[in-house]
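Single-letter residue listing:
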Amino acid sequence: MYFKIETLKNIVELFGVFKFQEKDQAEILDHSYVRQYLSIRFSKKVTLQMLDYYQDFVKLNQGESKGESSECYNDVLFLTQKLYKELSQSQKVELYIALLDYVVDNEVIIEDKANLDRLYAQLKIVEKVFNIPANELEAINGFLRDDFENFSESVIVVGNFKRFKLSTFHMFQKDDLKGTVTALYVNSLGSFLIRYDGTDELYLNKKVIFPERVYQFSEGGVIEGTSVEPVYFSDLLIVFKNEDKNQIDLVCHKISKTFKGTNLGVKELSFKVESSQLMAVMGGSGTGKTTLFRLLSGTEVPDMGNVYINGYELLENIQVLKKHIGYVPQEDLLVEELTVYQNLLYSAQLCRNDKSDEGIADLVNSTLKDLGLYKIKDLKVGSPLDKVISGGQRKRLNIALELMRKPSVLFVDEPTSGLSSSDSLMVMKLLKRVALQGKIVIVNIHQPTSDIFFLLDKLLLLDENGYAAYFGNPLSASGYFKKHLGFVDSIRDDSVNYQQFNPEQLIQLIEYKKTSQHGEPLPERKIKNTEWHDLFIESCKYNDIKIEKNQLSEGLTFIPGVFKQFVIFFKRNIMTRIADFQYMIMVMLGAPFLALLMSVFLKYTDYVTHEYHFSDNDNLPVYLFISIIVSMFLGLIISSGEIFRDLKIIKRESFLSLSPFAYLNSKVFYVLIVDAIQILLFVVVGNTILEIKGLFWQYVLILWITAVFSSMLGLFISTRMKTVLSIYIMIPFLLIPQILLAGAILDFDKIHHLLASKKYVPVYADVNVSRWAYEALVVLQFNENEYEKDVSDDMIAQSEMVYYINFVIPKLETLLGAFQQSDDEDNQRKIEMLVDDLVTHYPDLKNSFEKLSIERKNLYDLNQLVKKVKKWLRLKLKDSKARVEAVREANKNVKKEDYFNQKLADFVLQNGNFEKFRYIDGEMIRKYQPGYYVSECNYGRSHYYAPYKTIGNLTLKTWVFNLYVMVLAVLITYIFVFVYLKRDKF
């Protein structure tokens, strides 16, 4: 508390106005009340200075009788009105209690009723101006007069009640106390008024307690005596706040965890924490604080020992007990793009399915108000670097995420880390309030301030390598260590008036060094960590810790079904992205900008006429290839950070046993939509500028599935990589193989012979989705455009007939001639292979060739048959050409220059390739017009740009077949993402 000097003078003057002047015997009594009020609040220097001022004020007014006039009332009114503006409500109540105590004690010595009436009239003025609640006035007056009839629920009696019980008061059992301490809780003060009745010599914060006098027992206070164990403020507060609440206890029983190959971890320790207690785990770096937290919360399995909550073993009942455990890690669990309200809203929806939408909104708003965050509920959280809300507000919001579930046991890791001292105190006071609601709150804290230290109910100190050194009340810790070090206990002796203590002293005491004979500190500690641990085990009385099963209240964690989780995750993801303006600009404009940039450069116009004709655009194959790469790039960029940026949030949500299936599907559904929007815009812009007519939705479908596969890859690396940098370094390693092996850059017939393809696309290229996507797009544009689609099958048949007329049959004729010269088996085998190939493609010839065996005696007939076949094929070719001309004539409104691209035709048909076939060991491998060649393989393998592909007895158009392959690749990648997400993150 802080006072201006003028305010303090006004307080002293108010005491002086209240002074009873007619009785000289009251002079000493008056002085003692002023001294008591001042000495427990101010330094000795200020106290003496104000006592002198009090005496001067009294002397100045001595002899002036004001009992009969209204002047004394005016003085009281004037002073209280001034003090009303300067004092907090708790300070007003404190001052009122001091004045009332003075008046009540003076009742017995005042004989003049007029003087007594004057005092009470003055007191009424103070009551009215200070606006003290009527119920508190009644309780305070009753307490000072030993009349507890109407407020017994606010009174705690400390004493030995083994022989009898009090029926109307709270009781605090104290076996070693001779007499009783009666305590009244005053809500405005947040502290107790106490009075002692007994024979023990007791001390309040190291100052003597006089029997029958009223004292204020505040936070951080301790009542102790030479033969009486301390009674701490928190002890009484817990009794008062927790009488009617469900009791809960957490027992850590001989638990330990040591990491392999090190001496790090937590060594054997036991302790017990109960309802309404705020416990801190303190220790230097590497003492095992975080490990202990993980053990206590069930996220780490101990080497030995157990953790019990209300007698139920934690790991054996983890699914049930998880509902009662809250965990707030040191790092933020906030979605930075969302507002404070939205963060809490989505968190509540994921764990409080027991409430309606209105109920959840009410819960969120009430939580925000309780934590002092309601005024900033519509502010975006922001990142730690780009701050919108303060560090303290962020920490309170993190805690609020867990408080929505109302856990019985709350673990908070480093709640004050990175915060200012004021924010740290605010957060810790919040946790204290949570504890006093009947919860257990355990914090991991490094160097608390004295104000924070006084809030703690229990303290566990960990020494080097995880050896426990102390467990108990924080205020007794210093005395405990000094006792074992052989020092005089002076805890708070020099600072009690200022309510200050430096917890760093505890670490210094634990690590106190030996000194040399010259008084210089030595490296060796006076008491080693193992020795402190032995003393800890002895002092904690392991065998006295009882593990009893008590009924657990119903947990308030109600997880929604998988579909509802999916909806919540998806809504949260959408709102997160919408809130990021730059992100939305890139999503909406990035794809069309790339399409615009690319198509403008690729729109080839005649150098002389400056006219553009689609059929003459030599850059169309390049456009198709880059479209595939852009689709993969967009898919990777949009998804590669999706899961990674949620890893901290996933850690918390996995603790709630939320569904990884729902979470992943929300991400997948989101990227499906974003990919669709981007591809749609890309195709609209690119195809419009390049005047690619028709096939719009087929383009969109192929490029969209390409982007979706790429997004699945992005989600996969998002689950596997540990840093953002590693994710973005990984992207080129994923894209470059897709670029290289798509089929546009490399001719697999003309590379190293060990890697080159003989008949089909190499397997290492088949595993690249870009190969299937690019081929699908090229074949689609070549075969399915308006000009070609009705004659495509005839063009395929014509190409095959030309191939057999010009290449296969001449080769067969050559082999027959060679067979006539030499009838060796090799020539016979090669002739049979070509005949079989011919019969396979033209089954009508089967009977004719079966009549003639491949023998020298049948060579003439064979030659004649081959000539007839060639003539027959020429006739079929002529008929096919006629049909094509008829179709062209019927579709004469479909202009070739609008739909047919010569460069793409040359590319697909390999018109510039002089190698029409490859003859290897009797097999003719066709290289002639691959875009018109249908592979004989019936399990999907083929060369590039085949118009059809066969799987079993089913023949599909290549672009359709390739889409199925791409969808299969998407599903396989999805399964990998799900498996790794569930295994490593959930």
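The structure this text deals with has already been given above.
Keep in mind that what you see is a predicted model, and the values were worked out from it rather than measured.

Cut-off values and rules
- Residues numbered from 1 in each chain as written.
- Predicted model: local features only at pLDDT ≥ 70, side-chain atom pairs only at ≥ 80, totals over all residues.
- Heavy atoms only, no water.
- Pairing = 2+ DSSP bridges.
- Helix = DSSP H or I, 4+ residues; strand = E, 2+ residues; numbered from the N terminus.
- Axes fitted to C-alpha atoms, helices over the stretch in contact; angles between N-to-C directions.
- Buried < 20%, exposed > 50% of the residue type's maximum accessible area, 1.4 Å probe, protein only.
- Parallel < 35°, antiparallel > 145°, perpendicular 65-115°, else oblique.
- Left-handed = near helix turned anticlockwise from the far one by under 90°.
- Contact = heavy atoms within 4.5 Å.
- Nonpolar A, V, L, I, M, F, W, Y, C, P; charged D, E, K, R; others polar.
- Patch = residues over 30% accessible without salt bridge, like charges linked within 9 Å, V, L, I, M, F, W, Y side chains within 5 Å.
- Areas by Shrake-Rupley, 256 points an atom, 1.4 Å probe, with all protein chains shown as cover.
- Salt bridge = Lys/Arg side-chain N within 4 Å of Asp/Glu carboxyl O.
- Lys, Arg positive; Asp, Glu negative; His and termini not counted.
- Charge placed at Lys NZ, Arg CZ, Asp CG, Glu CD.
- Polar contact = N/O pair within 3.5 Å; in protein donor to acceptor, adjacent residues only side chain to side chain.
- Core = buried A, V, L, I, M, F, W, Y, C linked by side-chain atoms within 4.5 Å.

Asker: Teacher, can you tell me more about the sheet that holds strand E12 (residues 278-283) here?
Answerer: Two strands in a sheet stick together by hydrogen bonds in their backbones, pointing the same way (parallel) or opposite ways (antiparallel). The six strands are arranged E15-E16-E17-E12-E18-E19 in an open sheet whose pairing can be described as mixed. The open sheet terminates on both sides in strands that have one partner only, identified here as strand E15 (325-328) and strand E19 (468-472). Averaged over all pairs of adjacent strands, the angle between strand axes in this sheet comes to 15°, irrespective of strand direction. Pairing analysis gives four bridges linking E15 to strand E16 (residues 409-413), with the strands arranged parallel. Directly across from isoleucine 325, in E16, lies its bridge partner valine 409.

Asker: Explanation requested: the sheet that holds strand E8 (residues 222-225) in the structure shown.
Answerer: An order of E6-E5-E8-E9 is seen for the four strands of this open sheet, with the pairing classed as antiparallel. Across the chains shown, the open sheet's two edge strands, defined by having one partner strand only, are strand E6 (207-208) and strand E9 (228-232). Where strand E5 (residues 202-204) lies against E6, two bridges are found, and the strand directions are antiparallel. Following the sheet pairing, leucine 204 is matched in E6 by lysine 207.

Asker: Looking at this model, I keep getting lost on unusual backbone geometry. Mind explaining?
Answerer: Among all residues except glycine, the phi angle is most often negative; among peptide bonds, the trans geometry is most common. Backbone geometry places lysine 254, a non-glycine residue, at a positive phi of 50°. With respect to the helices and strands, the residue lysine 254 is situated in strand E10 (residues 249-258). One non-glycine residue, asparagine 310, adopts positive backbone phi at about 50°. Residue asparagine 310 is classed as buried on the basis of its relative accessible area, which comes to 1%.

Asker: Explain the packing of helix H28 (residues 792-821) against helix H29 (residues 825-841) here, please?
Answerer: In a pair of packed helices, the angle between the axes and the distance between the axes together describe the arrangement. At a minimum axis separation of 10 Å, H28 and H29 run at an interaxial angle of 155°. Between H28 and H29, the interaxial angle falls into the category roughly antiparallel. Judged by the sense of rotation from one axis to the other, the crossing of H28 with H29 is left-handed. On H29, the residues touching Glu800, Tyr804, Val808, Lys811, Leu812, Leu815, Leu816, Ala818 and Phe819 of H28 are Asn827, Gln828, Lys830, Ile831, Leu834, Val835, Asp837, Leu838 and His841. Its residues assigned to classes, the contact of H28 with H29 comprises 11 nonpolar, three polar and four charged.

Asker: So what exactly am I meant to see when it comes to the pairing of strand E21 (residues 521-525) here?
Answerer: On a regular strand, each side chain points to the face opposite its neighbour's, so the side chains alternate between the two faces of the sheet. Of the strand pairs in this sheet, strand E20 (residues 513-515) and E21 are connected by two bridges, and their pairing is antiparallel. Its bridge partner being in E21, threonine 515 is matched across the sheet by proline 521. Here E20 hands over to E21 after five residues, with glycine 519 in that stretch at a positive phi of 85°.

Asker: How should a negative patch on the surface be read in this particular structure?
Answerer: A contiguous patch of negative charge on the surface is contributed by Asp606, Glu611, Asp616, Asp618 and Glu897. Mapped onto the elements of the fold, glutamate 897 is located in helix H32 (residues 896-899).

Asker: What is the right way to read the side chain of lysine 667 from this model?
Answerer: Examined against the element boundaries, lysine 667 turns out to sit in helix H23 (residues 660-689). Assessed through its relative accessible area of 1%, lysine 667 is described here as buried. Leaving out residues up to four positions away in the same chain, lysine 667 has contacts with Asn573, Arg577, Glu642, Asp646 and Leu715.

Asker: Explain a nonpolar patch on the surface to me, please; I cannot follow it from the model alone.
Answerer: Together, Phe581, Ile585, Met588, Leu589, Phe669, Ile673 and Ile677 make up a nonpolar patch on the protein surface, roughly 610 Å² of accessible area in all. At the level of secondary structure, the elements contributing two or more residues to the nonpolar patch comprise helix H20 (581-602) and H23. With four residues, the single largest contributor to the nonpolar patch is H20. Summarising the element assignment, phenylalanine 581 is placed in helix H20.

Asker: Just checking my understanding: could you explain the side chain of threonine 287 for this structure?
Answerer: If you trace the backbone, threonine 287 turns up in the loop between E12 and helix H9 (289-297). Taking relative accessible area as the criterion, threonine 287 reaches 4% and is therefore assigned buried. A polar atom in the side chain of threonine 287 sits 2.7 Å from the backbone oxygen of glycine 284. Sequence-distant contacts of threonine 287, defined by excluding residues within four places in its chain, comprise Gly265, Leu462, Asp463, Glu464 and Gly466.

Asker: When you look at the nonpolar core in this model, what are you seeing that I'm missing?
Answerer: Soluble globular proteins: nonpolar side chains tend toward being buried together. One finds Tyr623, Leu624, Phe682 and Tyr699 to be the most contacted residues of the largest nonpolar core, which totals 103 residues. Element by element, the count of residues in this core is highest for helix H24 (residues 696-720), at 12 residues. When residues no more than four places from it in sequence are discounted, the contact partners of tyrosine 623 are Met598, Leu602, Phe682, Gly686, Asn687, Leu690, Ile692 and Tyr699. Judged by nonpolar contacts, the second largest core, of 62 residues, contains Tyr232, Ile360, Leu371 and Leu373.

Interpretation note: all reported values are geometric properties and have no functional meaning in isolation.
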